[in-house]
Amino acid sequence: MTRLEYAARWRLPPQEAEDVIADYRDIVADPPRSEDQLRREVGDPVEVIKLLVAPPKVYRTWLAVFAVMAACVLIPGHSGFGWFSWPFYRLCFEQGGLHLGPVLAVLGGGLALFWFRRQKGEAKAPVPKGLIAALAALLVWIGLVLLFDWAICYDLNGLLALGPRVQIWPGPVGETEPLLTYFSSWALILLPFFASFLAVYWLVRARTRDRRWTAAYILTLAAILVSLETIAQMTSMDISVSVDAAFRVNLIKYAVITAVGAVGTGVALR
C-alpha cells in the first residue's frame, strides 16, 4: 500500500489519486491476505497505477512542470560550484550579465504556488515536523548570510578580518585571506549546491505526501538567491564604488528577496 500510495500520488491528479488509494485500501483489507496473494490477485502496485494513468497528457504535463521547477533551483544552485558551472554563474548572477537568478527564482516559486494550490493537493494538519525543521534551518541560513552582508557594510573595526589567515589557492605566493571570510565564501557556494537537491526532494514530497512542502522549496530559492547574489557582489570587479557602499545598496535588495520568499512560504503553508 505504501508503494501504491506513492505511485498514485505521483502519477495521478490529487483527488483521483486519493479515490484510487481508498478503493485499494478496501480491496486489501477485505478479506485479509498475504502480500504474495495480493500480488497475484491485484498485481504490482506501480504497474497497477501505470494502467490507470488516463489521459497520458495529464501525467506528461505534470512531468514538464516538475522539470521546470527542478531546473529553476538546480541551475542557480550549481552555478557557483566548480569550473563546469561558471557559464551558469555568468548567466544567473554575475554583475553586468543577464542576471537570470532572480528570474528563475520567481518562475520556480510562482509555478510551485500556482500548480500545487490549483491542484488542491492534500494538506494534513498539523504541519509535518520535518517541514518545520527544514524551514527553521533555512531561516537560520538566510539570517547568517544577511548578518555576513551587514558585517561587510558596517565592519568599522575589522570584524571579518579578526583571527588567523589562510593561504588562497590558486593565488600568488603569500596571498592570504581572513579565515572567517574564506570559509564564509565557501559556505555561500556549497550550501546552495547541496540545498538545490533537497529542494527537488521537497517537491517530490509536496506531490506525494503534503503540498505544504512547497514552502521549503520556495524558501530554498530565496536562500540560494541571497547567497549567490552575495558571492556575485564579493567577486564584482566594479571599482566605481567601494565594497561597503555597494553592499549597503544591495543589502536592501537582499532584504526584499528574503521578504518575498517569506511571503511565498506563508502562502504555501496555508
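Predicted model, so just to flag it, every value in this text is computed and none were measured.

Helix and strand content of the protein chain: 11 helices and two strands. The linear arrangement of helices and strands in the protein chain, starting from the amino end, is α-α-α-α-α-α-α-α-β-β-α-α-α. A buried classification covers 41% of the 270 residues belonging to the protein chain. Contacts in the protein chain between residues far apart in sequence, at least 24 positions, make up 74% of those at least 6 positions apart. For the protein chain, the accessible surface area stands at approximately 14,600 Å², while carbon and sulfur atoms represent 69% of it.

In the contact formed by helix H1 (residues 2-11) and helix H4 (residues 45-52), the axes pass within 8 Å of each other and the chain directions differ by 25 degrees. As far as their axial angle goes, H4 and H1 are roughly parallel. Read as a crossing pair, H1 and H4 show a hand that is right-handed. Within the contact between the two elements, H1 uses Arg3, Leu4, Ala7, Ala8 and Arg11 and H4 uses Pro45, Val46, Ile49 and Lys50. For the contact of H1 with H4, the class distribution of residues is six nonpolar, no polar and three charged.

Per the stated rule, a full pass over the model turns up eight aromatic pairs. A centroid spacing of 5.4 Å and a plane angle of 85 degrees characterise the contact between phenylalanine 193 and phenylalanine 197, whose relative ring orientation is edge-to-face. Of this pair, phenylalanine 193 and phenylalanine 197 both sit in helix H9 (residues 179-208), separated by four residues, roughly a single helical turn. Three or more aromatic residues joined by ring pairs make a cluster, and in this case those are Trp10, Trp62, Phe66, Trp115 and Phe116. For arginine 207, the ring lying beneath its charged end belongs to tryptophan 62, and the centroid distance is 4.3 Å.

This next bit is on a negative patch on the surface. A cluster of like negative charges, contributed by Glu16, Asp19, Asp23 and Asp26, occupies part of the molecular surface. Locating aspartate 19 in the fold gives a position in helix H2 (residues 14-29).

Here the structure, examined in full by the defined rule, presents five salt bridges. With a shortest N-O distance of 2.9 Å, aspartate 210 and arginine 212 are connected by a salt bridge. Residue classification places aspartate 210 among the buried positions, given a relative accessible area of 4%. The class of arginine 212 is buried, set by a relative accessible area of 7%. Residue glutamate 229 pairs with lysine 253 through a salt bridge whose shortest N-O separation is 3.4 Å. Of this pair, glutamate 229 sits in helix H10 (residues 214-234) while lysine 253 sits in helix H11 (residues 243-269), placing them 24 residues apart in sequence.

So, about the nonpolar core. Within the largest apolar cluster, 51 residues are counted, with the highest numbers of intra-cluster contacts made by Trp62, Met69, Val73, Phe116, Trp141, Ala216 and Tyr217. With 13 residues, the single largest contributor to this core is H10. Membership of the second largest hydrophobic core comes to 10 residues, among which are Leu4, Ala8, Leu12 and Ala17.

Attention now goes to helix H8 (residues 129-154). With 26 residues, H8 should cover 38 Å at 1.5 Å per step; its first-to-last C-alpha distance of 37 Å lies within 8% of that length. Taken together, the buried positions of H8 are Leu131, Ala134, Leu135, Leu138, Trp141, Ile142, Val145, Phe148, Asp149, Ala151, Ile152 and Cys153.

Rules used throughout
Residues numbered from 1 in each chain as written. Predicted model: local features only at pLDDT ≥ 70, side-chain atom pairs only at ≥ 80, totals over all residues. Heavy atoms only, no water. Helix = DSSP H or I, 4+ residues; strand = E, 2+ residues; numbered from the N terminus. Buried < 20%, exposed > 50% of the residue type's maximum accessible area, 1.4 Å probe, protein only. Contact = heavy atoms within 4.5 Å. Areas by Shrake-Rupley, 256 points an atom, 1.4 Å probe, with all protein chains shown as cover. Axes fitted to C-alpha atoms, helices over the stretch in contact; angles between N-to-C directions. Parallel < 35°, antiparallel > 145°, perpendicular 65-115°, else oblique. Left-handed = near helix turned anticlockwise from the far one by under 90°. Nonpolar A, V, L, I, M, F, W, Y, C, P; charged D, E, K, R; others polar. Phe/Tyr/Trp six-rings, centres within 6.5 Å; stacked < 30°, edge-to-face > 60°. Lys NZ or Arg CZ within 6 Å of the ring centre and 35° of its normal. Patch = residues over 30% accessible without salt bridge, like charges linked within 9 Å, V, L, I, M, F, W, Y side chains within 5 Å. Salt bridge = Lys/Arg side-chain N within 4 Å of Asp/Glu carboxyl O. Lys, Arg positive; Asp, Glu negative; His and termini not counted. Charge placed at Lys NZ, Arg CZ, Asp CG, Glu CD. Core = buried A, V, L, I, M, F, W, Y, C linked by side-chain atoms within 4.5 Å. Expected span 1.5 Å × (residues − 1).

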